[in-house]
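Descriptive structure summary
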Amino acid sequence: MSDVQVNSLTKTFEKGSIQAVNDVSFSVEKGELFGLIGPDGAGKTTLFRMLTTLLLPDSGSATVNGMDIVKDYREIRRRVGYMPGKFSLYQDLTIEENLHFFATVFNTTIEENYNLIKDIYVQIEPFKKRRAGKLSGGMKQKLALCCALIHKPTVLFLDEPTTGVDVVSRKEFWDMLKSLKQQGITILVSTPYMDEANLCDRIALIQNGEIMSINTPENIVKSFPNTLYAAKAKNIYLLLKRLEADEEVESCYAFGEYLHFTVKTDGNENDLLNAIAERHPLDELELKKIKPTIEDAFIRLMHENTIKVTADGE
Amino acid sequence: MNVLFFILRKEFRQIFRDRIILAMMTFVPIVQLIILPFAADFEVKNINVAYLDHDHSSYSNELINKIGSSGYFSLVGYPLSYHDGLQLIETGDADLVLEIPSGFERNLVRHGHQKVNIVVDAINGTKSSLGGSYLKSVLADFNSRLDIMIKSPNDAISLPAKRIEISSVNWFNPRAEYKYYMVPAILVLLLTLIGGFMTALNIVREKEVGTIEQINVTPIKKWQFILGKLIPFWIVGMIVFTLGLTVMYVVYGIFPAGSIPTLYLFAGVYLVALLGFGLLISTFSDSQLQAMFVAFFFIMIFILMSGFFTSIDSMPGWAKQISLLTPVTHFIHVVRLIVLKGSSLGHVYMELFYLILFAIVLNSLAIWNYRKTS
């Protein structure tokens, strides 16, 4: 049985004028590391707040551990761990006191579940007498994760745990999640970083409160329908303008130092690139075929969605 | 119950860790009790008076000396005309001008009556009304002794004029000292600040920082959270109250005339009411700034309407009604009764009833609104 089951969950704010989560359905299996990938304001936090019983949905239903998020909220609160995106521990208490406090309110002790947090806790233990407010960003994240784990939750909700954390700490954090997964904890994690998507078992791409696609990261990349090309020139802005105006080019967007584009009719790769190079003879022009990433898939889905929305509107 | 204990331990840790709050809790009572009674003194001394004497007679001199010797007035000048006198008031040098017309002595002796003119600067309401009435009472005294000074003609035997002499005694505050009136009220102010502000700010801080989110996903129940907030500040309030009573005794030598347990009973109930008020504000506010302003707005009205500075009896009817609707009014009233008059519980049980009512209403409203919003 799935550990988290979401059926047509909907939530609006400001008397229905803001659609935060719109008819979202998905399920997460036991022991799965599930990622919600989407930009800021996509509805990830709202979804998490509903699943952790902090917000009531407008319509739809969801179960966590087989329990209803509205009816059985007390029991759910006993079982899940939630780490909000914003650091929400007591800044004026020390690491030790925070951890101790959250252990006691769950009627447990640090010792009882020490094996669960050990790998993480040893990294911050040298500073256990330091107040939480005086910790660095990475240490705060580790402490928050410890506090969310101290009662041995069955499902762990992590809302943007790596936002604002340095690259090394981010990598460490994901390693920790992997080891937690091995202990059988179901983990739902949200992130705006596409590169972290590859580290999840399955991901849901979310945009404007709607899920665009749910699959494994590999399948999402595989499902990219066209060949993707990258282009670069000395005057990259001019190149972007020209490619956007090009009849043959289907879509084109900036991606790091390159432009990524797809063409309407796929053909022989070399002929195609040569034709484009001829049409746009810019300085230092560089064209190549590349493998799409999750981000490319996301951007593509996002475009399709906007086209669909405008088509619906007409 | 166990969980509540852990919450309380956490709250106390946080309170004792905040040095500024801790310092404020000890210094505020002491400083307020020491400074305010002296500063907020309604007794008016040093009224500046100018004499405009058109008569220059022995009678007018007598009157001026009498005024000067009363101790409340200080002479600022002898203007030569009404115009000059008015100018002294305009520049703020004089609070009062007493104009003695020419023929003052002659008219008094011949006709037995004479009018004088008093000009009062009414910018400072208290000073003008009190200064004016002090001067009038000096004049009345001067009046009553006039016939002694006037020699009876032809050695005729005259009976002294009949009149009622008034001698007054101030009960419960024999020397009518203002500090006896103020000090108990400041004790109330202290409890009001702690109860009203500290809880509201503390709970809103949890909202603002986001810690309430983390608390809400734990099995902590609402009542545990609320009690965990109210109990520490109730205890802090009682400690500050005790500190205040000590300062009151050490600095002013005021020892409650009534029973101390009764006083504590009232303080305890009052604090519950005020904590409910703070809780209510916290349910409405999302930031400490909002909570601060809302609490300040109400507490300002509470204090000004409570009879802290001014007598409730002299308020217009509608204001009296509002005044009775604030818990501060009742508590100030009771504290003054117990501390100065020595009233026992039997005398003030109605006030206890009112305070309990306030405690129930405010807390119920707060909990009802707390439920609704979350």
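Keep in mind the model is a prediction, meaning the values are calculated, not measured.

On to the overall build of chain B, then. Along the backbone of chain B there are 15 helices and four strands. In terms of overall dimensions, chain B has C-alpha extents of about 105 × 45 × 40 Å along its principal axes. Looking at the 374 residues of chain B, the share that counts as buried comes to 35%. In chain B, once contacts between residues fewer than 6 apart in sequence are set aside, the share between residues at least 24 apart is 79%.

A few words now on the pairing of strand β2 (residues 73–77) of chain B. All names here are of chain B. Pairing geometry for strand β1 (residues 47–53) and β2, over four bridges, is parallel. Each bridged residue has a counterpart across the sheet, and for Val49 the counterpart in β2 is Leu75. The parallel pair β1 and β2 is bridged by helix α3 (residues 58–69), and the resulting crossover is right-handed.

Let us now look at the pairing of strand β7 (residues 155–159) of chain A. Residue and element names in this part refer to chain A. Most of β7 is tucked away: five of the five residues are buried. Neither face of β7 is open: one carries Val155, Phe157 and Asp159, the other Leu156 and Leu158, and all of them are buried. Note: strand β6 (residues 80–83) against β7, four bridges, orientation parallel. Opposite Val80, over in β7, you have Val155 as the bridge partner. Relative to strand β8 (residues 186–191), β7 runs parallel, the two sharing five bridges. Residue pairing for β8: Val155 is matched across the bridge by Thr186. Once the chain exits β7 it traverses helix α6 (residues 167–182) before rejoining the sheet at β8, and the crossover so formed is right-handed.

Residues and elements named next belong to chain A. Residues other than glycine seldom take positive phi values, yet Asn107 does so here, at roughly 60°. Positionally, Asn107 belongs in the loop between α3 (95–105) and α4 (114–124). Here Asn107 falls in the partly exposed class, since 13 other C-beta atoms lie within 10 Å of it. In the Ramachandran plot, Glu160 falls in the positive-phi region, its phi being about 45° despite a non-glycine side chain. When you line up the elements, Glu160 lands in the loop between β7 and α6.

Residues and elements named next belong to chain B. Taken over all residues, the pLDDT of chain B has a mean of 85, while the share at 70 or more is 93%. Per-element confidence in chain B is highest for helix α11 (residues 260–284), whose mean pLDDT is 93, and lowest for helix α7 (residues 146–149), whose mean pLDDT is 65. Quick note on the complex model: pTM equals 0.79, ipTM equals 0.78.

Residue and element names in this part refer to chain A. Read from one edge to the other, the open sheet built from four strands follows the order β12-β13-β11-β14, with strand pairing classed as antiparallel. The outermost strands of the open sheet, each flanked by one partner alone, are β12 (249–255) and β14 (286–290). Here the strands of the sheet are splayed against their neighbours by 25° on average, with no regard to which way each runs. As judged from the three bridges shared by strand β11 (residues 228–232) and strand β13 (residues 258–263), these two strands associate in the antiparallel manner.

With that out of the way, let us pick up the sheet that holds β1(B). All names here are of chain B. Taken in spatial order, the four strands of this open sheet run β2-β1-β3-β4, and their pairing is mixed. Sheet topology places β2 and β4 (117–120) at the edges, where each strand pairs with a single neighbour. The sheet shows a mean angle of 30° between the axes of neighbouring strands, taken without regard to direction. Both strand β3 (residues 96–100) and β4 contribute to a ladder of four bridges, which runs antiparallel. Bridged to Glu99 within β4 is Asn117. Each of β1, β2 and β3 is contacted by α3, which is oriented at about 175° to β1, the strand it contacts most.

With that settled, consider the domain arrangement of chain B. By domain assignment, chain B separates into domain 1 (2–40 + 175–373) and domain 2 (47–155). In this structure, domain 1 of chain B and domain 2 of chain B have C-alpha centres spaced 49 Å apart.

Annotation of chain A at the domain level lists domain 1 (2–221) and domain 2 (225–291). The centre of domain 1 of chain A, based on its C-alpha atoms, is set 40 Å off from the matching centre of domain 2 of chain A.

Two quantities define a packed helix pair, namely the angle between the axes and the distance from one axis to the other. Residues and elements named next belong to chain B. Orientation of α3 relative to helix α5 (residues 104–111), taken along the N-to-C sense of each, is 105°, at an axis distance of 7 Å. The orientation of α3 relative to α5 falls into the category roughly perpendicular. The residues of α5 that touch α3, namely those facing Ser58, Tyr59 and Ser60, are Phe104, Glu105 and Leu108. Partitioned by chemical class, the residues of the contact of α3 with α5 number three nonpolar, two polar and one charged.

Analysis parameters
Residues numbered from 1 in each chain as written. Chains lettered and ligands numbered in written order. Predicted model: local features only at pLDDT ≥ 70, side-chain atom pairs only at ≥ 80, totals over all residues. Helix = DSSP H or I, 4+ residues; strand = E, 2+ residues; numbered from the N terminus. Buried ≥ 20, exposed ≤ 12 C-beta atoms within 10 Å, placed from the backbone. Contact = placed C-beta atoms within 7 Å. Pairing = 2+ DSSP bridges. Right-handed = clockwise from strand over helix to strand, strands pointing away. pLDDT = per-residue confidence, 0-100. Axes fitted to C-alpha atoms, helices over the stretch in contact; angles between N-to-C directions. Domains from an automatic or database assignment. Parallel < 35°, antiparallel > 145°, perpendicular 65-115°, else oblique. Nonpolar A, V, L, I, M, F, W, Y, C, P; charged D, E, K, R; others polar.

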